[in-house]
Amino acid sequence: MNNKQFDKLSKVNGSNALSALNLRKICIHYFNYAESGIMFIRNGLKHATYMLLIAAFTSQLIFICVNDTSAQSKEDIFPPSENPIEFEPTKINIDLKIDGVLDEESYQEAIAYDNFVTVEPIQGKPTAFPTAVKILYNEDYIYIGVVCFDSLGGKGVRVSNLERDFSWGSNDLFGVVFDPFNTQQVATTFQTTPYGNQRDMQVFNGQLFDADYDALWKVRTRINTDNWTAEFAIPFKSLRYPEEKIENFFWRMNFVRRARRTNEISALPAYPRAFSPYRPIYAGAIKSMDVPSPATNIRIQPYILNNYNRSLVNGEETAQDDDVKLGGEIKWAITPQSVLDFTVNTDFAQVDVDRAVQNLTRFSVFFPERRQFFLENSGIFKLDNGNVLNPFFSRNIGLDNGGSLIPIDMGARFVSRNQKRNIGGLLMSQNKFNGESGSYFGIFRYEHQYNKQDNLGILLTNRYDESTIELGAKNNSTISVSGFNRPSESLSLRYFVTNSLDKVEDENMNAGMGGYFAIGYSTNQFHIGSEHYYISEQYDPAMGFLLGRNLIYHNPGGYLNWRPKWRPSFIRSFEPGFWVNLYQHASNFDLIENSVQLYPIYIRFQDDTRLQFTIEPTWQNVQNDFSPLGIDVEKGSYQYNRYRLYISTDRSKKYSGILTAETGGYFDGNLDVIKANLRIAPIPHIELEGSITFNRIRKLGIEEEDKNARLITLSSRFSLNPRVHVTGFYQYNSESISAEHLWNIRLAWEYRPLSFLYLVFNQFSGEPGADMTNSQEQLIGKISFTRQF
């Protein structure tokens, strides 16, 4: 249908003109989609044979895995208990000394809970590492005392390092999980290792992780001859809970332990091994506890900082500045459900620098958020864990496109949660204190829980940039509607639709649309799932992140978790599978890229060593300029295959490594990739790590060019204890000019809970010319103090 034909069908006048114009645009837009449907079918047929082979291969494996009862142990997904185990905390009238030694008389009076059940490697089996937990409380704290038995004592303990917020997979650990609101969707966990590292985080729906949530709490540990003990003191002020009458009291709580030597996971109560321990619907219950009534709950964290910068050319200083800065944050728990945060002169000088990458794809690189203020409570604003489409991505505040800092003047964040709804809001002002054109950011999030594990929400964002000499004022907004459903414990669905409005002063408004849908089905024997994204050409979330515009992305796939009885004792599971990555233009469904990752070999060993072999047939359709590592690739269609071998050894051991070897075609040339990582940690207090990425390109592009590119990374960590660390980081990137060499050295001392002293040195150096060497150096000293009232 052309424009003239449409005009005959939609002639209007007067007040109806605007609505008719919008209707006309919408209809033409979707008629174009219908006309391009044939092109979509045509492109799809090119890959149909591969898809059928994948489907046949996978269905046969699932059939064998699920139906071969002689080979597969009976480990089914079991439903949550209608009568969960009830924990009875013991009330005491004294403050316990937190030293990891459970010798106070109060512990003798408390009930011991020791009926832990194995989750991994064999679900439901009695644990080989017994654990006993006692729960106490007074008017200020809830105390958790735990004894983790291990016949080897200290010799059996595995802790990779002493960092805070340590990784789940590389350490012995014990953790407690709370859901005080009984939402069955939001879990808050506190975990520790035998050396007393702290890890706290919040998890939403068992899938969205806020790993940088920080609460004020204390834990101490002790390693003994046949066990290790831990003693937690968690202030009630650090927990959020409803103000309920005693007859309505109901908290969810569960415990989890990982014995890393044999990689056994046990829990109380038990949960299916296909899931994580952060599914509160499987947790036990506390039905009676005299928690304190809400009172004044304010936490202040002022800081003072000195920042010295200088620039050098050929070793001679050309510029310098020395800046002293004051600022801080205030956290006010208005009610047990609601928290308001204020920040002034927000500073992130102690944050780790971004790691360099060598991007060989045709899509944007995603750099994660590292700044603590934005990481805390970030889960409430997340619509997706991925790096394809996010209407809100906090790195757009206080950072430019190159990652350089832009001063943040002030801001506020509000978060409120209860059994039926979550509310979040964020307001920030950027760069106005400097007397320059400022930017203002606003976010609002509302999420309503209408069933035990179902919710529907809305996310609003707005960014306003004041006018500059070059540009007029700009206003950008997005509105997103999201949902999550879990019809059964194995099946989950996530989705959202989002719309953007972008208006530059004296110019027309642009509108765009995006969307996301994901479905996943998990059992103890297999996982299948599919994600789908849509991003229109005009969709522009000025506060978000996009992998690209005018993009449709499909990501279906699955894998087995096959544990036949005949497997050798050193193998935990065989996990073959596949994933499809199909990218198309949203405007006409033309192919951008399609790759099918087939891994017929994926072996997971008992110590978590992994061996994987991948075959990846790839189709490329280059329609725009593309120059990987500066080599111009001719426009056109390409098909090639790639082959990848991946090996990772047990990261909890003193010596471990990761090796990836990859070869095969790359557009009209060839690409060989070697990625090697070596980690040495003789004791948890010392960790040394080195890695190298080597990209070897041959006969690529219009000029059939050859190129070698290297990325070398060295890092170290020296820890006096879990609260005092010196870390170092060096990176060499052969493809970077301005920052070919990068140094970062940092001393961090947590001299009291959440109060820190930092000393940081950064250096960036490169070679802008044949006879010149540029260098930027930065020395930062910062001290913060945290006090809770």
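Residues numbered from 1 in each chain as written. Predicted model: local features only at pLDDT ≥ 70, side-chain atom pairs only at ≥ 80, totals over all residues. Heavy atoms only, no water.

Caption draft 1: Highlighting the overall build of the protein. Each helix and strand in the protein was counted, giving six helices and 43 strands. Classification of the 789 residues of the protein by burial places 52% in the buried group. (Helix = DSSP H or I, 4+ residues; strand = E, 2+ residues; numbered from the N terminus. Buried < 20%, exposed > 50% of the residue type's maximum accessible area, 1.4 Å probe, protein only.)

Caption draft 2: Quick look at the environment of Leu 711. Counting through the fold element by element, Leu 711 comes out in strand 38 (residues 705-721). Taking relative accessible area as the criterion, Leu 711 reaches 10% and is therefore assigned buried. Leu 711 sits 353 residues away from Gln 358 along the chain, and the two C-alpha atoms are 7.7 Å apart. Those residues within four positions of Leu 711 in sequence are excluded, and the remaining contacts are Ala 356, Val 357, Gln 358, Ser 691, Ile 692, Thr 693, Gln 731, Tyr 732 and Asn 733. (Contact = heavy atoms within 4.5 Å.)

Caption draft 3: Seen up close, the packing of aromatic side chains. Inspection of every chain in the model, using the stated rule, returns 32 aromatic pairs. Relative to Phe 574, the ring of Trp 562 lies with its centre 6.2 Å away and its plane at 55 degrees, an arrangement referred to as tilted. Placement of the pair is Trp 562 in the loop between strand 29 (551-560) and strand 30 (571-574) and Phe 574 in strand 30, with a sequence separation of 12 residues. Consider the rings of Tyr 599 and Tyr 602, whose centres lie 5.8 Å apart with planes at 55 degrees: the pair is tilted. According to the relative accessible area criterion, Tyr 602 is buried, its value standing at 13%. (Phe/Tyr/Trp six-rings, centres within 6.5 Å; stacked < 30°, edge-to-face > 60°.)

Caption draft 4: Representation of the confidence of the model for the protein within the structure. Taken residue by residue, the protein gives an average pLDDT of 84. The fraction at 70 or more is 86%. Overall, residues 1-52 carries pLDDT values under 50, and its contacts beyond four positions in sequence, including any with other chains, amount to 37 contacts. Across residues 68-73 the pLDDT falls below 50, and counting only partners more than four positions away or on other chains, this stretch makes 16 contacts in the model. (pLDDT = per-residue confidence, 0-100.)

Caption draft 5: Region of interest: the nonpolar core. Core analysis: the largest hydrophobic core is formed by 35 residues, its most contacted members being Ile 142, Phe 174, Phe 232, Met 253 and Phe 255. For this core, the elements supplying multiple residues, two or more each, are strand 5 (131-137), strand 6 (141-149), strand 7 (173-179), strand 12 (227-235) and strand 13 (251-259). Discounting residues that sit within four places of it in the chain, Phe 232 has contacts with Ile 142, Tyr 143, Ile 144, Val 146, Phe 174, Phe 190, Gln 191, Thr 192, Trp 217, Lys 218 and Val 219. (Core = buried A, V, L, I, M, F, W, Y, C linked by side-chain atoms within 4.5 Å.)

Caption draft 6: Broad picture of the pattern of salt bridges. Applying the stated criterion to the full structure yields 30 salt bridges. Counted as one network, the salt bridges with shared partners bring together Glu 163, Arg 679, Glu 687 and Arg 717. (Salt bridge = Lys/Arg side-chain N within 4 Å of Asp/Glu carboxyl O.)

Caption draft 7: Region of interest: the pairing of strand 38. Note: strand 37 (residues 686-700) against strand 38, 13 bridges, orientation antiparallel. Within strand 38, the residue paired with Ile 692 across the bridge is Ile 712. The pairing of strand 38 with strand 39 (residues 724-733) spans 10 bridges and is classified as antiparallel. What sits directly across from Ser 719, in strand 39, is His 725. The turn linking strand 38 back onto strand 39 is made up of two residues. (Pairing = 2+ DSSP bridges.)

Caption draft 8: Examining the side chain of Arg 644 more closely. Examined against the element boundaries, Arg 644 turns out to sit in strand 34 (residues 636-648). Each residue touching Arg 644, except ones within four places of it in the same chain, is listed here: Gln 612, Phe 613, Thr 614, Glu 616, Thr 660, Ala 661 and Glu 662.

Caption draft 9: Highlighting the pairing of strand 5. Burial analysis of strand 5 places six of its seven residues in the buried class, which makes it a mostly covered element. The pairing of strand 2 (residues 90-91) with strand 5 spans two bridges and is classified as parallel. Across the sheet, Lys 91 pairs through a bridge with Tyr 137, a residue of strand 5. Bridge count between strand 3 (residues 112-113) and strand 5: two bridges; the pairing is antiparallel. When the sheet's bridge partners are listed, Ala 112 is paired in strand 5 with Lys 134. Relative to strand 6, strand 5 is paired through seven bridges, and the arrangement is antiparallel. Paired with Thr 131 across the bridge in strand 6 is Cys 148. A loop of three residues connects strand 5 with strand 6, the two strands running antiparallel in sequence.

Caption draft 10: Expanded view of the side chain of Gln 620. Relative to the elements of secondary structure, Gln 620 occurs in strand 33 (residues 610-622). Its relative accessible area of 5% is what places Gln 620 among the buried residues. Polar contacts involving the side chain of Gln 620 include one to the side chain of Tyr 640, which spans 3.1 Å. In contact with Gln 620, not counting residues within four places along its chain, are Arg 362, Ile 592, Glu 593, Gly 636, Ser 637, Tyr 638, Tyr 640 and Phe 667. (Polar contact = N/O pair within 3.5 Å; in protein donor to acceptor, adjacent residues only side chain to side chain.)

Caption draft 11: A look at the environment of Ser 416. Note that Ser 416 resides in strand 20 (residues 408-417). Taking the relative accessible area as the measure of exposure, Ser 416 reaches 2% and is therefore buried. Side-chain polar atoms of Ser 416 contact the side chain of Ser 338, separated by 2.9 Å. Within the structure, the side chain of Ser 416 is placed 3.0 Å from the side chain of Arg 421, a separation counted as a polar contact.

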